[in-house]
Amino acid sequence: MAPLSTAWAIFQGLLLEALPFLLLGVAISGLARWLLPQTGWIRLLPRQPFLAPVVGALMGFALPACECGNVPIARRLIASGAPLGTGFGFLFAAPVLNPIVIASTWAAFPDQPWLLIARPCGAFLIALALTFVLRPVPEHALLTDALLEERRLCQPLAQVGLLERRSGMLGASAIEAPLPAPAPARLAPADLLAHSSREFLDLLSLLVVGCAIAASVQTFLPRSWLLAVGEAPTLSILALMLMAVVISVCSSVDAFLALGFAAQVTPGALLAFLLLGPVVDLKLAGLFTVVLKPRAIAITAVAAAMVVLLMGQWVNGLLL
Amino acid sequence: MGQWAAAVRVLAAMLPSLLLALWGWLLFWSSWSGRLSLLLREAFHPLVSLAGALLLLLAVLWWLPLGWRRPPALRLRASGAVPWHWVLSAGAAAAVLAFPPAPSFSDLAATRPTALPDGPVLIFHLPPEQRSLTEWVRLLRSQPDPALHDGAPVRISGFVLERAGQPPQLARLLVRCCLADATPAGLDVAWPGGVAPAVNQWLEIDGTMTVKSVAGRQRPVVVPERITPIPRPERPLEP
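Residues numbered from 1 in each chain as written. Chains lettered and ligands numbered in written order. Predicted model: local features only at pLDDT ≥ 70, side-chain atom pairs only at ≥ 80, totals over all residues. Heavy atoms only, no water.

Q: Mind showing me how you'd approach the overall build of chain B here?
A: Across its full length, chain B holds six helices and six strands. Listing the helices and strands of chain B from first to last along the sequence gives α-α-α-α-α-α-β-β-β-β-β-β. The burial tally for chain B puts 44% of its 239 residues in the buried class. Put simply, of all contacts in chain B between residues at least 6 apart along the chain, 66% involve residues at least 24 apart. Per element, the accessible surface of chain B, about 11800 Å² overall, is 63% carbon and sulfur. (Helix = DSSP H or I, 4+ residues; strand = E, 2+ residues; numbered from the N terminus. Buried < 20%, exposed > 50% of the residue type's maximum accessible area, 1.4 Å probe, protein only. Contact = heavy atoms within 4.5 Å. Areas by Shrake-Rupley, 256 points an atom, 1.4 Å probe, with all protein chains shown as cover.)

Here you go:
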């Protein structure tokens, strides 16, 4: 009975600690959704292969949100005609490369300053790597049909040629007059309130499940098992990557969950947990389907896992 | 049947605001009732209270027209379809409200590492009898020679921690964030003959710090002169 009581208390601790951060993330995500203009400045975004994802990743500081709030924003960016590199840079890096997540990581690990540098840098590198991996794939094989259609409506054809867009629209010429962009439509405050509240409630349920899994693992998994896995450099990374995928908790709060495992695993495994979850997890697999086609999601998952594994190994090589 | 379906539709339409209010109340009440002291580091308590107040405000705003048109999301749920994960969320909130935390600190400490997080600056000029158990542990770890404190008066409180294969210690839990990262800080006690401390029992001990040979090593040990059972303190977790 005592372990059950302890697990229940840890569950409550994790949940009550994480909830304010989740609320903050959703609030900013809602605000960003409200303020995001439709097309205007999006045409000014750079299209160079390297600069585009860099700018997208850095936009996380202006539009900070966990990966759940991040997906609709990234979708809106891409639908509005932003360069794919920028959209992907934002999609993959912004869940970590933003002030809220950095602050929560600091709150959870004030005694491990290396993590405050390694986590955002790692997320940045993952975003760059994924953008380059997805770059050769044509847009029509990457994006969902609905998103592709919205993007075609917003993409300035006069400025972006057919080959550059790779959208599969045969016959569209670079001198064709641009299609009229849809009129900017800003959400009404009441709609914003309703959407954000529902988003918060949806994510809260996932947080409840994640906290329950984390509390159970922490209480009932024998420490000797964790130690056996955690002390092996590669195995500990793979185990924590798997845990990140299964637990599926938002990046704004996952650092607090990682606290439960931090002492039992290698530094590389800890970093892998904090890097992979915001890009690949079970919850995101559903959310990503509003942006990417299944094949593109699979490519993203495999590539992200490989990059994270390499980073984890490198960190273990440095710190162990 | 029609009335029942209508009632379900109304309930489904109200559900988001009810859930927001439920979670808001949970956070607010957890702060107000002092439950957080058992779960989180004190620095985070205001954040939880603020989040609770915001959720309650959101729940109220949901129903205030404020000159806006009625949110369409209210109509979306009017079909009576309630997402299963919202039901799960409501059940979790109700369970948290109904069953307060009652962790076994000893059980928790048994699975935790013993490395202490960095704490606040030690107050060495405090008289020894005014040092808390945590301050004693940090001091003894920072100064490896236990003989320096031989004979110092001690007045500490903590819970009885029992680890497998070791004699019971008097301990405190240190947290950086929440109970999930709790780390035990324990002191050896030379329990007088006939005293069998109950695990998790909170005790206050007046005594002296001495040095004893344990397994061939000189270790600081508290020799109690008076042992008083006390209730769990209002703030059992330390930074």
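What follows picks up the thread again.
Q: How do you make sense of the interface of chain A and chain B when you look at a structure like this?
A: Quoted interface sizes are often the accessible area lost when the parts come together. Across the contact, 43 residues belong to chain A and 50 residues belong to chain B. With both chains or domains summed, chain A and chain B bury close to 4200 Å², and 73% of this area falls on carbon and sulfur atoms. The largest share of the area that chain A buries against chain B comes from Leu16, Arg198 and Leu201 of chain A, three residues that together contribute 16% of it. Across the contact surface, chain A and chain B share seven residue pairs in polar contact (both at pLDDT 80 or more). Listed by contribution, the elements that provide at least two residues to the side of chain A that touches chain B are helix H1 (2–35), helix H10 (189–220) and helix H13 (254–262) of chain A. Among the elements that make up the side of chain A that touches chain B, the one with the highest residue count is H1 of chain A (18 residues). (Buried area = accessible area lost by both parts, 1.4 Å probe. Polar contact = N/O pair within 3.5 Å; in protein donor to acceptor, adjacent residues only side chain to side chain.)

Q: Would you mind showing me how to read a nonpolar patch on the surface here?
A: There is a patch of nonpolar side chains on the surface, built from Met1, Leu4 and Phe220 of chain A and spanning about 380 Å² of accessible area. Inspection of the secondary structure puts Leu4 of chain A in helix H1. (Patch = residues over 30% accessible without salt bridge, like charges linked within 9 Å, V, L, I, M, F, W, Y side chains within 5 Å. Salt bridge = Lys/Arg side-chain N within 4 Å of Asp/Glu carboxyl O.)

Q: What is the right way to read unusual backbone geometry from this model?
A: Residues apart from glycine generally show negative phi values, whereas peptide bonds are mostly found in trans. One non-glycine residue, Asn200 of chain B, lies in positive phi territory at about 75 degrees. Considering the arrangement of structural elements, one finds Asn200 of chain B in the loop between strand S3 (183–189) and strand S4 (202–214).

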